[in-house]
Amino acid sequence: MKKMKYILIACVCALMTGCMAGEDYGFDTDWSAPNTDNAYGNPEIQETNVITVKELLSRYVDPMTAANDTIMIREDVQIKVIVTGNDIEGNIYNEVAVKDETGAILICISQGGLYGYLPVGKEILVDLKGLHIGLYGNQPQIGVSYTNASGKTFPSRMSRNIWQKHFKYVDANFTHEVVPEEFDVTRMQDAEYVKACRGKLMTVKGVTMDEADGIKVWASEAEKDAGNGVSRNIAVNGKVPMSGSYASFVVRSSTYADFAALVMPTEKINLTGIFTVYANNPERYGYTWQILLREGADVEIAE
């Protein structure tokens with residue numbers, strides 16, 4: 001008993017000494033969560049020369065004629081945008097979707113866990129000078145220039161270090177409510193409408209999944225393509241838009257998405273996600289609308 005008593009006394013003394021040592025050396029002995037408001041981004045960025053997304057696209061992207069092309073932004077310009085989509089359930093990979101009141105665009109970042117510090121609704125200021133902007137399959141993106149083995153150049157993922165130097169929070173403690181726009185299926189073949197909606201968070205209502213049979217899932221390993229994803233046709237009013245028309249319509253899901261193994265609903269559904277377009281040769285094959293679901297909850301049974 002005496003031995004046990006001495007051990008207990010020694011433990012108490014050690015704990016007291018440890019606490020005093022923390023205070024003596026200036027350590028924070030409060031166990032509350034650390035303040036990470038300044039852990040991300042570049043607080044030295046000053047808000048100057050802010051342009052809209054629409055103006056950015058009209059200056060740099062609209063004049064492009066190639067489906068895959070890119071250019072460095074050499075002007076000292078910025079955009080102030082709100083995050084609308086991230087990698088929270090693994091379907092949107094290495095990029096975030098952002099928008100302002102005039103348009104939307106994707107920002108490509110070579111980093112996982114973006115949702116942790118770029119949640120939906122967070123407003124950021126992006127310093128664009130030195131970054132690249134362009135098209136990947138006709139989808140506008142911001143990143144760094146990359147040339148593939150076929151000689152095609154497009155904006156690709158910038159490193160985490162580069163990204164951290166080019167953005168800052170507008171208000172680290174405030175998050176906007178983000179409401180998706182409703183996609184007008186009657187305008188799917190309208191070239192200007194398609195162009196204006198690229199990268200936006202949108203909802204299409206009352207559609208069905210053409211392959212849904214009560215068994216098929218969103219993205220099975222057996223059906224994945226070279227991009228580790230599966231494209232599922234969307235039926236509008238019971239019909240699948242024909243490939244080769246101006247726009248076909250799919251849900252694009254990664255096999256790494258948290259919802260990849262969920263069975264597709266057979267009922268009419270509302271789909272919310274980032275609406276992207278893919279077309280390497282639109283004049284010949286038309287455009288493909290790709291809805292990138294952010295999470296499983298972006299699929300709901302229509303009323």
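Residues numbered from 1 in each chain as written. Predicted model: local features only at pLDDT ≥ 70, side-chain atom pairs only at ≥ 80, totals over all residues. Heavy atoms only, no water.

Asker: Help me understand helix H2 (residues 53-60), please; the structure alone is not making it clear to me.
Answerer: Helical geometry note: an α-helix holds 3.6 residues per turn, so side chains three or four residues apart project in the same direction. Of all the residues in H2, the buried ones are Val53, Leu56, Leu57 and Tyr60. Seen from one end, H2 has its buried residues packed into an arc of 95°, which puts them on one side. Tucked inside the fold, the buried residues of H2 contact strand S1 (69-72), strand S2 (78-85), strand S4 (104-110), strand S6 (132-136) and strand S7 (139-147). (Buried < 20%, exposed > 50% of the residue type's maximum accessible area, 1.4 Å probe, protein only. Helix = DSSP H or I, 4+ residues; strand = E, 2+ residues; numbered from the N terminus. Arc of directions from axis to C-beta. Contact = heavy atoms within 4.5 Å.)

Asker: Could you clarify how one ought to interpret the pattern of salt bridges in this entry?
Answerer: Side chains that carry opposite charge are capable of pairing whenever their charged atoms lie near each other. Applying the stated criterion across every chain yields a total of 14 salt bridges. When the shortest N-O distance is used, the salt bridge between aspartate 62 and lysine 195 registers 3.8 Å. In this pair, aspartate 62 sits in the loop between H2 and S1 while lysine 195 sits in helix H4 (residues 191-197), placing the two residues 133 residues apart along the sequence. Among the charged side chains, a network of salt bridges with common partners joins Glu211, Lys216, Glu223 and Arg232. (Salt bridge = Lys/Arg side-chain N within 4 Å of Asp/Glu carboxyl O.)

Asker: I keep staring at unusual backbone geometry and nothing clicks. Help me out?
Answerer: Of all residues except glycine, most have a negative phi; of all peptide bonds, most are trans. At asparagine 49, a position not held by glycine, the phi torsion is positive, near 55°. Tracing the sequence through the fold places asparagine 49 in the loop between helix H1 (2-24) and H2. A positive phi angle, close to 55°, is found at asparagine 237, a residue other than glycine. Tracing the chain through its elements places asparagine 237 in the loop between strand S13 (229-235) and strand S14 (247-254). What makes asparagine 237 exposed here is its relative accessible area of 72%.

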